[in-house]
Amino acid sequence: MKVLSGLLTVARWEVKRVLGTMGTSVLPAAIVLLVLLVGVTGFTAQSGLHLQDGIYRIGVNYPPVADIVSSDSRFTIYLADTNTLYESRELLDVVVLGDQVYAQDTDRGRAAVRTLKRDYERYLNSVYSREQDLFAAYPLWIDVRNVKSELDFVATQSGQRVAAPIRSTTPPVPEGPVIEIPTPGSTIDIPQEDLRQGLRELEGQTSQVARYSDIFTSEQSPFGDFKTPSQLSPPLPFDSIILIFVFIFPLYFMSQFFMMSIMNERLERRGEALLTVPLHPSVIIAGKALPYLLAMVAISAIIGLWLNASLLILFPLIPVIFFFLANALIIGMVARSFKELSFISIFFSTLATSYLFFPSIFANVHIISLISPLTLIVFTLQGEPYTITQYLFATSLFYLTGAVLFYIGVVNFREERLFTLSRLMPKIREYIGTALSYRHPWISLFALNAFSIPFVFMAQMMLLVLFFNLPMPLSLVLLLVSAAFVEEGAKSIGISTLMYRETGLFGWKRIVLASAVTAAAFLFGEKLLLFVTLSQISESIFGSILFLSLGVLWLPFLLHFTGVFIVGASIRLLGRRGYIPGILAATAVHCIYNFYFIMRWFG
Amino acid sequence: MKAKNIRIVMRKDLKGLLNERTILLAIILQIFVAMFSSFLVVGLTSMYDPSSLSRFSGVRYAVGYSGSDSALEDYLSENREFRVHRMDLSPAVTALSERKLSAVIYVPDTPPDADEPIKITLYTIQNDISSTVVNVKLKELLLRYEDDLRSVREPRLDIIPVALEFPEQTGGSDFYEFIYALLIPLLLFMPAIISSALVIDIVTEEYQHSTLETILSTPVTLGEVIWGKVLACEILVPVQAGAWIVLLSLNGVIILNIPAIILQVMMFSMILILLGALTALYYRERTAAQFIFSTAIVILMLLALSIPDNPLNLVARLATGTAGPEQWLILALVSLVVVFLALLTQWAAEWAAKKTLAG
């Protein structure tokens, strides 16, 4: 009860402080800016974005052809007679003489032809949809039926080729019982005028985004799975880019305020008063974070309502908010100056945005997309449910890493950490050092390593996203080496912090012991997290590389032990200079081990 | 206003940046973003552009064909990427669900010159990369078939469109516009935004750490302090923009007119940096200044983008080599704004100095 009232008091102070400093001077300006923003957005919507204007030059000798491209601001059009065009052909990317298109043999020339082709197709559609006899202009319609495969996840995920190559020339015979499929009818149920209406609507959608690449947005059929051939290729979910802006940016903005509030306490020892309050640091931090947390949830809910989405979208966002706040806390606590604060937070937000954004591009296409909670939001917006397992899979890493960061923040929320300035790396080492107790060094070393596992997994997931679309052997090798590097780096943190702290005291016996503790902790943490969440990925070939060391117990233990021991020995022998070579050597050993096992895997 | 004092302030702030290794962080960030976007482009191209899927060459996708004969069936069996199996519909779809086929096509017996359209039913596997790839490949053949049918039915068309004959396409990147008209302008203007946020940080820092009084007790004036900081941030712009250009060139993107681009970027950045300095002088506190400034930046960028011949568009055109002499006119206009803002900054610094001394 006392804790709760303390928490609410701190939260109230925070709100008061923010309103006090921001209220009088910022609010009027913010309102003016908001009005301006609405006005400018309207203006932009009307005049369009002029980013690509005039990047191609086209020469035309027949006015109707010029009309086809006249609405496309990417082209600067030169209407002239054949001779003039021929003489100045060097300056033009594309020349259209009569019905013949000629292009420069350059990247720009080829790109110009591509653009012209798309404009021409759009023009053809606008003509065809006005034909009396619509089915003479659109003689072919395709009804796409999706078949659910029970093998869905296994096939693409287990790293097989995109489609299994089938060598036999005889038709395949299904193994299971044949399901009767009714013969599809040959007539179209949608009236001709409705089809015409739908095709006309498509014309209007010459969206700005669509222009950036024909790969990004092919035309979506207004009739769902009923399409003309040109609508057949699958469009990328451009939603996720917009989602990033709509959902993640406000969250990022709000977490900046929290970051700044923590930083402000550190300026000129202003937070001293706060530290004298008879409350545990965790209560103080929670109290300070509470208003921001509520504001972020409220903003997300408002955006959700505005998008007409079900409020289920809040569930995947909460771990993201939690994670953002945890990072804001740590960044606000370690930054030495405002510029450092800015750069670290920009760096962090780029990393976090890529982690959230890149996988969600593949929503509906590949299981890998489930790494990002945004994918769940895409699903919710599409009106598809997601399972608890999927939710755990996408969000557990966010919850875990957020919790660990909050813990580190809480133990370090004291005078000697907050009001001192030191370089970034030593500062981080100090923070980790605080987490390693003097009285129980082995238990805390174990805990530190076990808790570093979610971070390692997060980094490795990112690598997986980065590499999985490269050609097969290359992606495997890159993943293997970088994953080993990340793991060895993480394992070295605890032992090196201990060794730096107690330089003289760390004999060989203690190095062996520390390596054993680290190895045991890693094994324990990996096992635990895998069983909870990652079974889906770990069944794939990519997973087997990341988590190869999980088969028999003593082998991975030996591997982890050797890696840590190499780093420890290297520091012991060479001092601090030995750290980097130690990690590289450990990575090499790790890779050799993995290669050996994969080779055996493939026979 | 003494140039020497300005230089001292500038050097101090640059040194501070180097000391904190924040610049290093920014460069790592650039490399990271460049790496991610190039990987992304590689990944997406290979997924959506069949011709670049060379790594799958030699693979033949098994397709079940059911229903009546058609030109489509011939196209499929001529194509080296498909292996067509004539099957009954039900076993074919069952085999598809067991992943023994990549797609199943059913063609009805509607004749090519019928009044009715031909309605093909295409069965694919839901939510799967392989069906994405197969669909892209099938689309080519279906488009050809559509063309055939259209020419059969052509006499029935009442409006005849203008005809255009395109040359055989020889390669060429799908991402030309994406790279030159989106990525390059946005990446090159990122340093401008970073630098202007930075100027707010280093100005408000002097206020909030109460170091400004100390500085002003020396012969240095507030105007000189501000200009030193503004120039320190401005110097970073060509460095960062240059780093982007080098990274993009390493990725095989050829950028033309580099000096002119850097000049344009530097001039435009100066507007943002001066606006940042003005905001910082007014609010003297980071949270408020950054909040107001970042909102203002969004408005300014949107506004700039919605005006034809804006500096971002100009950079795109310079990079592709289609910019004409109008670039100098734009540069002159931007310079005019810079001069106006510079005078305003000078005036604001004098005003702020009075305010600081008064209390």
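For clarity, every value in this text was computed on a predicted model and none was experimentally measured.

Before going further, it helps to spend a moment on the packing of aromatic side chains. Overall, the coordinates contain 23 aromatic pairs over all chains when judged by the stated rule. A centroid spacing of 4.6 Å and a plane angle of 35 degrees characterise the contact between Tyr176 of chain B and Tyr180 of chain B, whose relative ring orientation is tilted. Separated by four residues within a single helix, Tyr176 of chain B and Tyr180 of chain B lie in helix H6 (residues 176-208), roughly one turn from each other. Both residues of the pair, Tyr176 of chain B and Tyr180 of chain B, belong to the buried class. The structure contains a cluster of three or more aromatic residues connected by ring pairs, namely Phe323, Phe324, Phe348, Tyr355 and Phe398 of chain A. Here the guanidinium or amino end of Arg144 of chain B rests over the ring plane of Tyr75 of chain B, the centre of that ring lying 4.0 Å away. The side chain of Arg150 of chain B reaches across the aromatic face of Tyr138 of chain A, ending 5.7 Å from its centre.

Attention now moves to a nonpolar patch on the surface. Residues and elements named next belong to chain B. A surface patch of nonpolar side chains, amounting to about 580 Å² of accessible area, comprises Tyr282, Phe340, Leu344, Trp347 and Trp351. The element best represented in the nonpolar patch is helix H12 (residues 326-358), accounting for four residues. Checked against the element boundaries, Trp347 lands in helix H12.

Attention now moves to the sheet that holds strand E5 (residues 140-147) of chain A. Hydrogen bonding along the main chain pairs the strands of a sheet, whether they run parallel or antiparallel. Judged by pairing direction, the sheet is mixed, and its six strands sit side by side in the order E6(A)-E5(A)-E4(B)-E3(B)-E1(B)-E2(B) without closing on themselves. Strands at the two margins of the open sheet, each flanked by one partner only, are strand E6 (226-227) of chain A together with strand E2 (82-86) of chain B. Here strand E1 (residues 61-67) of chain B runs beside E2 of chain B; their pairing, made up of five bridges, is parallel. In the sheet register, Tyr61 of chain B faces E2 of chain B, and the bridge partner there is Phe82 of chain B.

It is worth spelling out the pairing of strand E1 (residues 56-60) of chain A at this point. Residues and elements named next belong to chain A. Burial of E1 is extensive: five of the five residues sit out of reach of the surface. Side chains Tyr56, Ile58 and Val60 of E1 all project onto a buried face; the interleaved residues Arg57 and Gly59 project onto the opposite face, where all are buried too. Pairing geometry for E1 and strand E2 (residues 75-79), over five bridges, is parallel. Bridge assignment links Gly59 to a residue of E2, and that residue is Tyr78. A crossover links E1 with its parallel partner E2, the connecting element being helix H2 (residues 63-70), and its sense is right-handed. As paired strands, E1 and strand E3 (residues 94-97) are joined by three bridges and run parallel to one another. Bridged to Gly59 within E3 is Val95.

The rules behind these values
- Residues numbered from 1 in each chain as written.
- Chains lettered and ligands numbered in written order.
- Predicted model: local features only at pLDDT ≥ 70, side-chain atom pairs only at ≥ 80, totals over all residues.
- Heavy atoms only, no water.
- Phe/Tyr/Trp six-rings, centres within 6.5 Å; stacked < 30°, edge-to-face > 60°.
- Helix = DSSP H or I, 4+ residues; strand = E, 2+ residues; numbered from the N terminus.
- Buried < 20%, exposed > 50% of the residue type's maximum accessible area, 1.4 Å probe, protein only.
- Lys NZ or Arg CZ within 6 Å of the ring centre and 35° of its normal.
- Patch = residues over 30% accessible without salt bridge, like charges linked within 9 Å, V, L, I, M, F, W, Y side chains within 5 Å.
- Areas by Shrake-Rupley, 256 points an atom, 1.4 Å probe, with all protein chains shown as cover.
- Salt bridge = Lys/Arg side-chain N within 4 Å of Asp/Glu carboxyl O.
- Pairing = 2+ DSSP bridges.
- Right-handed = clockwise from strand over helix to strand, strands pointing away.

All we've got here are geometric facts, nothing functional implied.
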